[in-house]
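Architecture at a glance
These are the residues of each chain, in order.
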Amino acid sequence: MADRKIAYDTSQALTITLNSLASSATAGRESTAVDNTTNKYLDALVQVKVTLQTGTPGNDKGVYVYAYGSEDGSTYTDNATGTDAAITLRDPSALVLIGFIPCPDSGGVTYEGSPMSVARAFGGRLPRKWGIVVRNYTNVALHASAGNSASYTGLYETIA
Amino acid sequence: MLPPNAHTALVAELRRPRYNGLTEAQARTALNDPVVRQVQRPSGRRVDLIDLAALVGAEAAKSFAAVLRTNLGADIFESIKVRGVDPGHPKTVEVLNAIKAGVPAQAATVDAILAGAVVSVEVVDHPRLMDAFAGVAGMPNRIEDADFTAAWTEARP
């Protein structure tokens, strides 16, 4: 009898400019959309790393990570555009929160978020195209030149 | 160096009337720097420690927090530290009244907190460029001086 197992593709960088991202209650940064029509992954695990500039965290003391998607490959959730750009979230927003990275400490600390499932945001299946939005709400801007990044691993299944 | 589309968007932004009469440095600040606003709001049912500091001063707020920690227990205090203290909580009222009795000078402030005083706090929000350039691919979160100068020179020769 064959075994059905999870398989992990190579980790890939997401295109998103996080350096100097200011703290905001309403605005953040979206990534360039990932096209899933070739790889046809079942899920993608996203991990975001942020480094704060020197200062004392305030507000929600954390960074929010949302997912956006596109069913047809060209129309994206809410006002997302599918490019690496600033985005002002609507209130309420149709973006789906997939994770939160607590950033409680002062002193320019680097924080690694947990792996976050993107498919979970869309009922268990990855849409044709997807991306993330990162909103810093720490009251401190992200570091200007280093320590900020996002990556993902595509998941599929093997039968053997 | 900015990608061409981002440079074009920046030049267009700098041609807007809102930058009329500004120097290059002033325009850079207006676009690049976080906006700091004074916000007044009622302290409400929960008082943030930062609001408390605005009302009673940082040192008094620290003492208050220390008293709360002792009276409520460190674990409970840690759990409410971020979300704020509840002025309606019996323990909080007890501590506030103790402060009021012990420090008469703070009596009026304590009454104000219990009544939901209006506090004035500084709120730091994102710089204008994040709204002005929403959706502009490749626009950085902060524009470097050299890129700004190039766009400013083109927009305001």
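Read on for a plain summary of the structure. Keep in mind the model is a prediction, meaning the values are calculated, not measured.

Criteria and cut-off values
- Residues numbered from 1 in each chain as written.
- Chains lettered and ligands numbered in written order.
- Predicted model: local features only at pLDDT ≥ 70, side-chain atom pairs only at ≥ 80, totals over all residues.
- Heavy atoms only, no water.
- Contact = heavy atoms within 4.5 Å.
- Buried area = accessible area lost by both parts, 1.4 Å probe.
- Salt bridge = Lys/Arg side-chain N within 4 Å of Asp/Glu carboxyl O.
- Polar contact = N/O pair within 3.5 Å; in protein donor to acceptor, adjacent residues only side chain to side chain.
- Helix = DSSP H or I, 4+ residues; strand = E, 2+ residues; numbered from the N terminus.
- Nonpolar A, V, L, I, M, F, W, Y, C, P; charged D, E, K, R; others polar.
- Phe/Tyr/Trp six-rings, centres within 6.5 Å; stacked < 30°, edge-to-face > 60°.
- Buried < 20%, exposed > 50% of the residue type's maximum accessible area, 1.4 Å probe, protein only.

1. A closer look at the interface of chain B and chain A
If you look at the interface, chain B gives 16 residues, while chain A gives 21 residues. Both faces considered, chain B and chain A share a buried interface measuring about 1,300 Å² in area, 53% of it formed by carbon and sulfur atoms. Where chain B packs against chain A, one counts 0 salt bridges. In this assembly, chain B and chain A are joined by 10 residue pairs in polar contact (both at pLDDT 80 or more). Among the elements of the structure, strand E2 (118-125) and helix H8 (128-132) of chain B are those that each provide at least two residues to the side of chain B that touches chain A. The residue inventory of the side of chain B that touches chain A, partitioned by class, reads 9 nonpolar, 4 polar and 3 charged.

2. Notes on the packing of aromatic side chains
Counted by the stated rule, this structure contains 5 aromatic pairs over all chains. For the pair Trp130(A) and Tyr152(A), a centre-to-centre distance of 5.2 Å together with 90° between the ring planes defines the contact as edge-to-face. On the criterion of sequence distance, the pair formed by Trp130(A) in strand E11 (residues 129-137) and Tyr152(A) in strand E12 (residues 149-159) is long-range, its members being 22 residues apart. Of the two residues, Trp130(A) and Tyr152(A), both sit in the buried class. Plain terms: the ring middles of Phe148(B) and Trp152(B) are 6.2 Å apart, the flat faces sit at 15° to each other, and that makes the pair stacked. Taken together, the residues Phe148(B) and Trp152(B), both in helix H9 (residues 145-155) and 4 residues apart, mark about one turn of the helix. On the basis of relative accessibility, which here comes to 1%, the residue Phe148(B) falls in the buried class.

3. Here's the deal with the pattern of salt bridges
What the rule picks out here adds up to 8 salt bridges over all chains. The salt bridge partner of Asp84(A) is Arg29(A), with a shortest N-O separation of 2.9 Å. Taken together, the positions of Asp84(A) in the loop between strand E6 (62-70) and strand E7 (85-88) and Arg29(A) in strand E3 (residues 27-30) put the pair 55 residues apart, joining distant regions of the chain. Across this residue pair, the class does not change: Asp84(A) and Arg29(A) are buried. Between Asp33(B) and Arg142(B) there is a salt bridge; the shortest N-O distance is 3.4 Å. Taken together, the residues span a long stretch of sequence, with Asp33(B) in the loop between helix H2 (24-32) and strand E1 (35-42) and Arg142(B) in the loop between H8 and H9 at a distance of 109 residues.

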